[in-house]
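# Remarks on the overall topology
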4 protein chains.
Amino acid sequence: MSTHLPDHLAAGYRAFIAARSPAERERFRELASSGQHPSTMVIGCCDSRTAPETIFNTAPGDIFVVRNVANLVPPYEPDGEYHSTSAALEFAVHALKVKHILVLGHGGCGGIHAALSPAAEPLSPGDFIGKWMSLLDPVAKAVGGNSHMTARERQSALERIAIRHSIANLRTFPLIAELEAAGDISLHGAWVDISSGELWSMDPETGDFERAERPDLAD
Amino acid sequence: MSTHLPDHLAAGYRAFIAARSPAERERFRELASSGQHPSTMVIGCCDSRTAPETIFNTAPGDIFVVRNVANLVPPYEPDGEYHSTSAALEFAVHALKVKHILVLGHGGCGGIHAALSPAAEPLSPGDFIGKWMSLLDPVAKAVGGNSHMTARERQSALERIAIRHSIANLRTFPLIAELEAAGDISLHGAWVDISSGELWSMDPETGDFERAERPDLAD
Amino acid sequence: MSTHLPDHLAAGYRAFIAARSPAERERFRELASSGQHPSTMVIGCCDSRTAPETIFNTAPGDIFVVRNVANLVPPYEPDGEYHSTSAALEFAVHALKVKHILVLGHGGCGGIHAALSPAAEPLSPGDFIGKWMSLLDPVAKAVGGNSHMTARERQSALERIAIRHSIANLRTFPLIAELEAAGDISLHGAWVDISSGELWSMDPETGDFERAERPDLAD
Amino acid sequence: MSTHLPDHLAAGYRAFIAARSPAERERFRELASSGQHPSTMVIGCCDSRTAPETIFNTAPGDIFVVRNVANLVPPYEPDGEYHSTSAALEFAVHALKVKHILVLGHGGCGGIHAALSPAAEPLSPGDFIGKWMSLLDPVAKAVGGNSHMTARERQSALERIAIRHSIANLRTFPLIAELEAAGDISLHGAWVDISSGELWSMDPETGDFERAERPDLAD
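Predicted, not measured: the structure shown is a model, and the values here were computed from it. (Residues numbered from 1 in each chain as written. Chains lettered and ligands numbered in written order. Predicted model: local features only at pLDDT ≥ 70, side-chain atom pairs only at ≥ 80, totals over all residues. Heavy atoms only, no water.)

### Brief notes about the domain arrangement of chain A
Residues and elements named next belong to chain A. Counted only if it meets this: By convention here, the domain bounds are inherited from an automatic or database domain assignment. Two parts placed together each lose some accessible area; with a 1.4 Å probe, that loss summed over both constitutes the buried area. Salt bridge, as used here: a side-chain nitrogen of Lys or Arg that lies within 4 Å of a carboxyl oxygen of Asp or Glu.
Domain annotation of chain A identifies domain 1 (1–35) and domain 2 (36–211). Using only C-alpha atoms to locate each centre, domain 1 and domain 2 end up separated by 29 Å. For the pair domain 1 and domain 2, the two sides together bury roughly 390 Å², of which 55% comes from carbon and sulfur. For domain 1, the biggest contributors to the area lost against domain 2 are Arg27, Leu31 and Gly35; these three give 76% of the whole. The tally of links between domain 1 and domain 2 comes to one salt bridge.

### Some points on the UniProt feature "binding site: Zn(2+)" (unreviewed entry) in chain A
The criterion, for reference: UniProt positions are given in the numbering used here, feature names are shortened, and annotations may be inferred rather than shown by experiment. Buried means the residue's accessible area, taken with a 1.4 Å probe over protein chains only, is under 20% of the maximum for its type, while exposed means over 50%, and partly exposed covers the values in between. We call two residues contacting when some pair of their heavy atoms lies within 4.5 Å. In protein, a polar contact means a hydrogen-donor-capable atom and an acceptor-capable atom, both N or O and within 3.5 Å, with residues adjacent in sequence counting only if both atoms are side-chain atoms; elsewhere, any N or O pair within 3.5 Å suffices. Each helix is a run of DSSP H or I of at least 4 residues and each strand a run of E of at least 2, with the numbering of both proceeding from the N terminus.
When the UniProt feature table is mapped onto this chain numbering, "binding site: Zn(2+)" (unreviewed entry) sits at Cys45, Asp47, His106 and Cys109 of chain A. In terms of the greatest pairwise C-alpha distance, the residues named above, spread along 65 residues, form a tight cluster of at most 8.8 Å across. According to the relative accessible area criterion, Asp47 of chain A is buried, its value standing at 2%. Ignoring any residue separated from it by four or fewer positions in sequence, one finds Asp47 of chain A in contact with Arg67 and His106 of chain A together with Gln36 and Phe64 of chain B. Within polar-contact distance, the side chain of Asp47 of chain A engages the backbone nitrogen of Arg49 of chain A at 2.8 Å. For His106 of chain A, the position within the fold is in strand E3 (residues 100–106).

### As for the pairing of strand E3 (residues 100–106) of chain C
Residue and element names in this part refer to chain C. Which entries qualify depends on this criterion: Pairing between strands is defined by DSSP: at least two bridges between the two strands are required.
Summarising burial for E3: six of the seven residues are buried, a large majority. In terms of strand pairing, E3 meets strand E4 (residues 186–193) through seven bridges, oriented parallel. Directly across from Val103, in E4, lies its bridge partner Gly189.

### Points about the environment of Leu9 of chain D
With respect to the helices, strands and loops of the structure, Leu9 of chain D is situated in helix H1 (residues 7–19). Beyond its immediate stretch of four places on either side in the chain, Leu9 of chain D contacts Thr40, Phe56, Thr58, Ile63 and Leu102 of chain C.

### A few points about the packing of helix H4 (residues 84–95) of chain A against helix H9 (residues 174–181) of chain A
Residue and element names in this part refer to chain A. The condition is simple: Where helices are involved, their axes are fitted lines through C-alpha atoms of the stretch in contact, as for all axes, and angles between N-to-C directions lie from 0 to 180°. For this classification, under 35 degrees means roughly parallel, over 145 means roughly antiparallel, 65 to 115 means roughly perpendicular, and everything else is oblique. Crossing handedness is read from the near helix: turned anticlockwise from the far helix by less than a right angle, it gives a left-handed crossing, and turned clockwise, a right-handed one. Residues were grouped as follows: Ala, Val, Leu, Ile, Met, Phe, Trp, Tyr, Cys and Pro as nonpolar; Asp, Glu, Lys and Arg as charged; and all remaining residues, including Gly, as polar.
Direction vectors running N to C along H4 and H9 enclose 40°, while the axes themselves pass 10 Å from each other. One way to sum up the angle between H4 and H9 is to call them oblique. Like other packed secondary-structure pairs, H4 and H9 cross with a definite hand, here left-handed. Seen from H4, the contacting residues are Leu89, Val93 and His94; seen from H9, they are Leu175, Ile176 and Leu179. Along the lines of polarity and charge, the residues of the contact of H4 with H9 split into five nonpolar, one polar and no charged.

### Some details on the relation of the copies chain D and chain C
Put simply, the test is: The least-squares superposition of copies is restricted to C-alpha atoms, and to residues with a pLDDT of at least 70 in both copies.
Relative to chain C, chain D is turned by 180° and slid 0.0 Å along the rotation axis, the superposed coordinates differing by an RMSD of 0.1 Å. On the angle and the small slide along the axis, the relation comes out as a two-fold axis. Across chain D, the smallest distance between a C-alpha and the rotation axis is recorded for Arg67 of chain D, namely 2.4 Å.

### A closer look at the interface of chain D and chain C
A common way to express how large an interface is: the accessible area buried when the components associate. In this assembly, 95 residues from chain D lie in contact with 94 residues from chain C. Together chain D and chain C conceal approximately 8,400 Å² of surface at their shared face, both sides included; 65% is due to carbon and sulfur atoms. In terms of surface lost to chain C, no three residues of chain D exceed His4, Tyr82 and Phe128 of chain D, which account for 11% of the buried area on that side. At the boundary of chain D with chain C, the tally comes to two salt bridges. Between Arg67 of chain C and Glu53 of chain D there is a salt bridge, with the nearest N and O atoms lying 2.8 Å from each other. Summed over the shared surface of chain D and chain C, the number is 41 residue pairs in polar contact (both at pLDDT 80 or more).

### A look at the pattern of salt bridges
One pass over the structure, following the stated rule, counts 32 salt bridges over all chains. The partner of Arg49 of chain B in a salt bridge is Asp47 of chain B, with the nearest N and O atoms 2.7 Å apart. For the pair Arg49 of chain B and Asp47 of chain B, one class covers both residues: buried. In this structure, the salt-bridge partner of Glu210 of chain C is Arg152 of chain B, at a minimum N-O distance of 3.6 Å.

### Description of the nonpolar core
Rules: Among buried residues, the Ala, Val, Leu, Ile, Met, Phe, Trp, Tyr and Cys ones that are joined through side-chain atoms within 4.5 Å form a nonpolar core.
Met41 and Ile101 of chain A, Met133 of chain B, Met133 of chain C together with Met41 and Ile101 of chain D are the most contacted members of the largest nonpolar core, which totals 100 residues. Once residues lying within four places of it in the same chain are set aside, the contact partners of Met41 of chain A are Phe64, Val66, Ala88, Leu89, Ala92, Val98, His100, Ile101 and Leu102 of chain A. One finds Cys45, Trp132 and Leu136 of chain A together with Phe173 of chain B within the second-largest nonpolar core, a separate group that totals 50 residues.

### Digging into the environment of Ser124 of chain D
By the element assignment, Ser124 of chain D lies in the loop between helix H5 (110–116) and helix H6 (128–133). Those residues within four positions of Ser124 of chain D in sequence are excluded, and the remaining contacts are Glu90 and His94 of chain C.

This is the structure we're talking about:
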């Protein structure tokens, strides 16, 4: 097979095509003709270890997915600038009418690390990471200078704080606030421990993250 | 199992955990301790039918993934505003030192549709989709008013034009241009036919998209 | 065997005669005595890779076939000049009373290429190709100057546009328009991908070309 | 399989695809990438019983084929009008540089019949067949009024006369005359007896048509 793809992707595509069952092929055809109707939007991180489709074992058509560095949601800013994540939110809520939005964070997040330990010099003169992570300025100082916590504790704490902050920012979007008040959309948070692949889900009342029980431990 | 997740995600997570082999668990542990070292960054669309991990059959750790509406790359704009996609690019190129960047488009893209058929009214007062898709203004008019093409042909044409436009924008980032000139990074384009799941890869010389040969034809 | 034919045609004829079954001989005899009654007329291209009889696996007597450069149908012009394609149409519709007319285009068409990239000088002083392809003047400009599309994309787009244009020209023939309105004839378009031999058929409602499903996917 | 094709063509396409060997698929791919290089052009009739590809058992890429009513070649007329057959000739000789041109007639030709027995009224007000067959005016009178020949003899005679007339017209094209004089192209005539499928080839010296010996009678 001759493609212009990186070798590992060409090989992966070949495996994908070869492994598909007729039912899966049929599902693609249906999804193409009927359009996508995902019930859930996931805001995840670019990190290579945190694909929502893997962690939630989803099939094509199940989840609408934004991925940016550190799975951040900016506040509602109808300022005429372009906003990648807000555009995706607008599409998911207004056009696709999703019923759930999940902010999915994870351990060992490079973006969160950058927010806590700004490099002496930006990664590039554009300092895009510095500027992007400044979205956490209102909350990063909560743990940033806390010498009583270890570096790993500060990191893990800010990963959770950031998820709650993003959920709060979701509520600055007028329609989301309205739909949530009417019970027509629900907002969720979750955090993946990438060392084990285990998921911790956020209690919407308390904001606490609790490990989703493992099936082999449950019932 | 009680979680605070949408039911279908909770069920999917349970299936993910239950199906993992010891080798897969071990891989997560290694990825957590050694950090991620993906060789490839993928810029994909939020569309629920186009998860790069599915199409390329990748494992955790393989690809660093940005997903935004219509898989767009804005031009290099070190203007002090926050730029989600540029931040991810900066992290991938400067920190992770990826060797490949792939812009992955697809058929039936809602963002491209919006660029070609702007609604009479924006989806929301913020008009985030309208503003975001205006990144294609320099190229959308190339087919937008073409009455000799069908609506689907205009859509399919702009999907490909947009991928080439995003790749051109990648080259406005100084380090990417420099690395590409030195042969240290390569830029790729691909487009997924969601009705069949088939991939078309872009010839870097001509810009043409060619169907990756089907495995049953290859040897 | 001594003939006055090119060697490869003499050899091919010998193979044709040798391979015929008694049933096939009988079919020729019947066709000669009863006359031809094809239900379908095909307007195809002269290109050596696009014989309709091969692609549709037809037998003698099945299809009435005009082949000209780029499978064009001129508009109805009862001007007293001779018109090869219009004469064939008149014969098919008025004398043979075909029920279907199919305009069959294909990828990599040399005539379409000539329409998009007129040579600095005509092929010969008569400039017959230039004049013939000028039948596409009303539509060629639709993509001809589009620098955002690759040369191959412009070619592929015009191949499809030209098929729709020829079908529109078919409707300028009074009897065809009348028969179609009465449901007594139907007009079709199709396009062959010569790299794979796959056929794309035109949706009569939208004008879109869709790949005829592969037999291995059908049931 | 859902297509927008007449049923018999959809079924035939399915059979064509299903029956292809890997070698045949590969041949299509090569033909697409390398372009067509047929050594021979055939000018045949639209008649459904006379596909040159069937009679000469050719493969895709072998012959460049014009088909019009009664396999006529008009004289060289660089008059600025569009000429379908002359355009194809120009392309075959100037661009493809074919080595052979074969005019292929056949028995029971409806066009020849029309030339000999003009209807009281034209088939349609445009009288395209009448005008097209007037290309034979210079020779049709040679047998048209000959009451000593039967109708079938007149038909058969004019079918052969017309082939020689078309070959003479080929020589009015300056480059064809020049190439033939230089030995770089050769012109051929042949006639198919559709009742038996047998071919009669024209002796280039005498103009006589002789039955190509049948293999089962030869050696």
